[in-house]
Amino acid sequence: MSTVSTVSVAAKRLLLGRPFRSDKLGHTLLPKRIALPVFASDAMSSVAYAPQEIFLVLSVAGMSAYAYTPWIGLAVAIVMAVVVASYRQNVHAYPSGGGDYEVATVNLGPKAGLTVGSALLVDYVLTVAVSISSAAENIGSAIPFVEQHRVLFCVVAIVLLTSVNLRGIRESGTAFAIPTYAFIAGMVVMLVWGFVQVFALGDSIRSETADFGVKAENNHLVGIAFVFLIARAFSSGCAALTGVEAISNGVPAFQKPKSRNAATTLLLLGSIAIVLLMGIIVLAREVGAKYVENPAADLVGAPAGYQQKSLVAQLAHAVFSGFTPGFYFVTIVTALILVLAANTAFNGFPVLGSVLAQDRYLPRQLHTRGDRLAFSNGILFLAFAAIAFVVAFGAQVTALIQLYIVGVFVSFTLSQIGMVRHWTRHLRSESDPQARSRMQRSRVVNSVGLLMTGTVLIIVLITKFLAGAWIAIVAMVAIFVLMQLIHRHYASVQHELDISDEDVVLPSRTHSVVLVSKIHLPTKRALAYARATRPDTLEAITVNVDDRDTRRLVAEWEASELTVPLKVIASPYREVTRPVIDYVRRIRRESPRDVITVFIPEYVVGHWWEQILHNQSALRLKGRLLFEPNVMVTSVPWQLSSSDRRKDRDRDYMAPGDTRRGMVGTGDIPPAAVASTDRDRRPS
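All values reported here derive from a predicted model rather than from experimental measurement.

**Student:** Which residues make up the overall build of the protein, and what values do they have?
**Tutor:** Scanning the protein from terminus to terminus reveals 26 helices and seven strands. Here the protein, with 684 residues, has 51% of them falling under the buried criterion. Considering only intrachain contacts with a sequence separation of at least 6, the fraction spanning at least 24 residues in the protein is 81%. Accessible surface computed for the protein: about 31700 Å², of which carbon and sulfur atoms make up 61%.

As structure tokens, this is what we get:
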């Protein structure tokens, strides 16, 4: 156990770094320049796949339907602007980090809050799955090996991203800042240079798919069918709005003034995302880019074996046709930002999970910070769930995105309803004219946001339900029910423990039982310890699993100087646990008010394989005795020589700051330092 423990601790420190003290939490808070890549990478990176999904959906009706892409993009941009303005009200009104969950719970009730919580949890998982899968698709446009091993690439990327986030929120933000700003710069340069060539220089830049035709599944869509297609393209484009809500959940991670910094970051997020979204859509139309679901069948004129590039890769290839490094730079930073976009979920999911755990809707372990002051358990849970979705759907963006954005628009809509009620409630009691005017403006903004997000939610449910959105809805319902059951369990336990009218009856006597296998030092220590507790009755028992061994033990016991009586319990089927349990129950029946204490000698070993060779009967017996009322179980440890190595290592452990205090090698650590070390090593 010693070697394994040492290796595991060393590996943990290598990957995650040294633990942070609890009073260093302020060190992890983010300035705006770091908060932008941490929280806004999802919304900004969605422009890499949201326009692509619009083109993909419209390809069903043929090339003529591409004429609607700018108008669909404009509609998405308007919705995004309204949602950003609405959430700026949210972060000022509810800066505690509960975000949509807190808004809905406070203003609409616990069930509405739980609906938002379950929707966001599912959406955060899908954010990781979609972003990483899209990154694999983009980098696969330049590196065929990645395209051929897309699922493996996604799993490795999620594992690496998890490791970075486990190092702490500030460290992950610093690591992600450069790629995020490189993506913004690369996209801006590509769009500006592309528009200069098209409109200023009059160059005829063309996408590699410009000369291909699109085989329409039905090029005679009219009436309701065509409106449904436009609505579905719009709902796919609304994937660009995902990530906006993450800032409202992450307000506590900002430096002071928290609300103002969060609102500023939201404004930057929305402005950049809208510019990039519209720029990509307009430039794609100008260069004749196309994107279809099955290029081998749907791209007319494409050569055999043609590998379709992502929409962004097609634009970069066309704009930088004479400058190959430009194409690779845009492709690589796009893949990086899509990988890092999952970081929005890695920051939002654990914080939301912590809030839900604090309200007893999720296991309490999700509320605990790890060594690096990040919510480690939430990060690990998110990683496992995202990997499961990626593997299940083969890392296909088109398949995963059908499950996407349902949850986020459920939370958007309920949050806006909650904010309208919030302002209405405050207006009833507010008498200051300036404050009332400000609240009325905020209510108008949130009302418009409600109208927009509610409309989009209805469109998404209608157009995507059968395409896969039902899976996300089922997952939300399952999580909703599970959280209610968890809350009911915690409430039941709390009620049981808080019963105040139940009298605490003092035991009339104490009855101590020492478990004996043979006469040796551990047995003698257990007998001495049991005697030191001064019980009313003290006896030793042994289970007869072998007649010859039992007779030898009885003879040795009678010949020894031990004065404690030894009882032999029969065991016809050579069991140990069941006869001891039956004997303890018999004592309880005879003396129901007695407290029975069972003393079990137990070896303390230094190697993991020794644990397998010892203590198995003791572990099984303890596990069963814990369910017996009025029965106490006491382990009496006996340290074997192999445990000395572990003891010496623990004695030589240096707490953070020991070198500065001049205590290296002295083995003398003051109580304050020990207490500090215990806090630093608090498990996640």
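Here the narrative resumes, following the displayed structure.
**Student:** Give a description of the nonpolar core that names residues and reports values.
**Tutor:** As a rule of thumb, soluble globular proteins bury nonpolar side chains together. Membership of the largest hydrophobic core comes to 143 residues, with the highest contact counts inside it found for V128, I158, M190, F346, L356 and F409. Sort the elements by how many residues they give to this core and helix α6 (residues 110–142) lands first, with 17 residues. Residues in contact with L356, not counting those within four places in the same chain, are Y101, L114, G117, L121, Y361, L362 and M483. Of all hydrophobic cores here, the second largest spans 17 residues; its members include V543, V580, V584 and L621.

**Student:** Quick one: what's the story with the packing of helix α12 (residues 258–287) against helix α14 (residues 311–319), residue by residue and with numbers?
**Tutor:** Pairs of packed helices are described in terms of their axes, by the angle between the two and the distance that separates them. Where α12 contacts α14, the two axes come as close as 10 Å, and the packing angle between them is 60°. Regarding the angle of α12 to α14, the classification is oblique. With respect to the hand of their crossing, α12 and α14 are arranged in left-handed fashion. Of the residues in α14, those touching α12 at I280, L283, A284 and V287 are L311, V312, L315 and V319. Here the contact of α12 with α14 is composed, by residue class, of eight nonpolar, no polar and no charged.

**Student:** Before we move on, could you go through the environment of P535 and cite the residues and values that matter?
**Tutor:** By the secondary structure assignment, P535 is in the loop between α20 (521–532) and β4 (537–544). Sequence-wise, P535 and I596 are 61 residues apart; in three dimensions their C-alpha atoms are separated by 9.5 Å.

**Student:** Any details on the sheet that holds strand β5 (residues 566–570)? Residues and values, ideally.
**Tutor:** Strands sit in the order β5-β4-β3-β6-β7 across an open sheet of five strands; the sheet is parallel. Edge positions in the sheet fall to β5 and β7 (631–639), since each has one partner strand and no second. Within the sheet, the average angular offset between the axes of one strand and its neighbour, ignoring direction, is 30°. Here five bridges tie strand β3 (residues 510–515) to strand β6 (residues 595–604), and the two strands are oriented parallel to one another. Across the sheet, V513 pairs through a bridge with V598, a residue of β6. The sheet contacts of α20 involve β3, β4, β6 and β7, and relative to β7 the element is tilted by about 135°.

**Student:** I'd like to hear about the side chain of T413, residue by residue, with values.
**Tutor:** Within the secondary structure, T413 is located in helix α18 (residues 406–429). Residue classification places T413 among the buried positions, given a relative accessible area of 11%. Within polar-contact distance, the side chain of T413 engages the backbone oxygen of F409 at 2.8 Å. Not counting chain neighbours up to four residues away, the residues in contact with T413 comprise L450, T453, G454 and L457.

Reading the values: the criteria
Residues numbered from 1 in each chain as written. Predicted model: local features only at pLDDT ≥ 70, side-chain atom pairs only at ≥ 80, totals over all residues. Heavy atoms only, no water. Helix = DSSP H or I, 4+ residues; strand = E, 2+ residues; numbered from the N terminus. Buried < 20%, exposed > 50% of the residue type's maximum accessible area, 1.4 Å probe, protein only. Contact = heavy atoms within 4.5 Å. Areas by Shrake-Rupley, 256 points an atom, 1.4 Å probe, with all protein chains shown as cover. Core = buried A, V, L, I, M, F, W, Y, C linked by side-chain atoms within 4.5 Å. Axes fitted to C-alpha atoms, helices over the stretch in contact; angles between N-to-C directions. Parallel < 35°, antiparallel > 145°, perpendicular 65-115°, else oblique. Left-handed = near helix turned anticlockwise from the far one by under 90°. Nonpolar A, V, L, I, M, F, W, Y, C, P; charged D, E, K, R; others polar. Pairing = 2+ DSSP bridges. Polar contact = N/O pair within 3.5 Å; in protein donor to acceptor, adjacent residues only side chain to side chain.

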